[in-house]
Amino acid sequence: MVNYTAKYTKISSGYMGQLVEWPEVVTEGNDLENCREMLRDALHEMVLAYQQLGKEIPLGNALIEQLPIEIQSVGQAS
């Protein structure tokens, strides 16, 4: 089994979901749960398409880390 990392972004119509390791797998949903379902379906369809075309399926298991930064201090001399 391969695990992919999903990134969800709040947009005006709900949420946009995209896979970090496979950016071409992207979708939207009216709420977070709907977006998750749509993203799973999009991933399944993309796997099938890649298999039919004989293309290499991107590996999953990315590591995500948040890096905090104070925006006001960026580019200012110390």
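Look up a bit, the structure's there.
To keep things clear, this report deals only with the structure shown in the data block. These figures come from a predicted structure and were not determined experimentally.

In this structure, Asn61 is a non-glycine residue whose phi angle is positive, near 65 degrees. Checked against the element boundaries, Asn61 lands in the segment after helix H1 (32-53).

Turning our attention to the side chain of Glu21. Mapped onto the elements, Glu21 comes out in the loop between strand S2 (14-19) and strand S3 (26-29). For Glu21, the side chain forms a polar contact with the side chain of Thr5, separated by 2.8 Å. Polar side-chain contacts of Glu21 include one of 2.7 Å to the backbone nitrogen of Ala62.

Further remarks concern the pattern of salt bridges. Close approach of charged atoms lets side chains of opposite charge pair. For the structure shown, the criterion picks out one salt bridge. Of the charged contacts, one joins Arg36 and Glu33 as a salt bridge, the two residues approaching to 3.3 Å between their closest N and O atoms. You can see Arg36 and its partner Glu33 sitting in helix H1, three residues apart, about one turn around the helix. Residue classification places Arg36 among the partly exposed positions, given a relative accessible area of 29%.

In terms of nonpolar packing, the biggest core is built from seven residues, these being Leu19, Trp22, Val25, Leu39, Leu43, Met46 and Tyr50. At four residues, H1 tops the list of elements feeding residues into this core.

So, about the side chain of Thr5. For Thr5, the location among the structural elements is in the segment before strand S1 (6-11). Non-local contacts of Thr5, meaning those with residues more than four positions away in its chain, are made with Gln18, Leu19, Val20, Glu21, Ala62 and Ile64.

Definitions and limits used
- Residues numbered from 1 in each chain as written.
- Predicted model: local features only at pLDDT ≥ 70, side-chain atom pairs only at ≥ 80, totals over all residues.
- Heavy atoms only, no water.
- Helix = DSSP H or I, 4+ residues; strand = E, 2+ residues; numbered from the N terminus.
- Polar contact = N/O pair within 3.5 Å; in protein donor to acceptor, adjacent residues only side chain to side chain.
- Salt bridge = Lys/Arg side-chain N within 4 Å of Asp/Glu carboxyl O.
- Buried < 20%, exposed > 50% of the residue type's maximum accessible area, 1.4 Å probe, protein only.
- Core = buried A, V, L, I, M, F, W, Y, C linked by side-chain atoms within 4.5 Å.
- Contact = heavy atoms within 4.5 Å.

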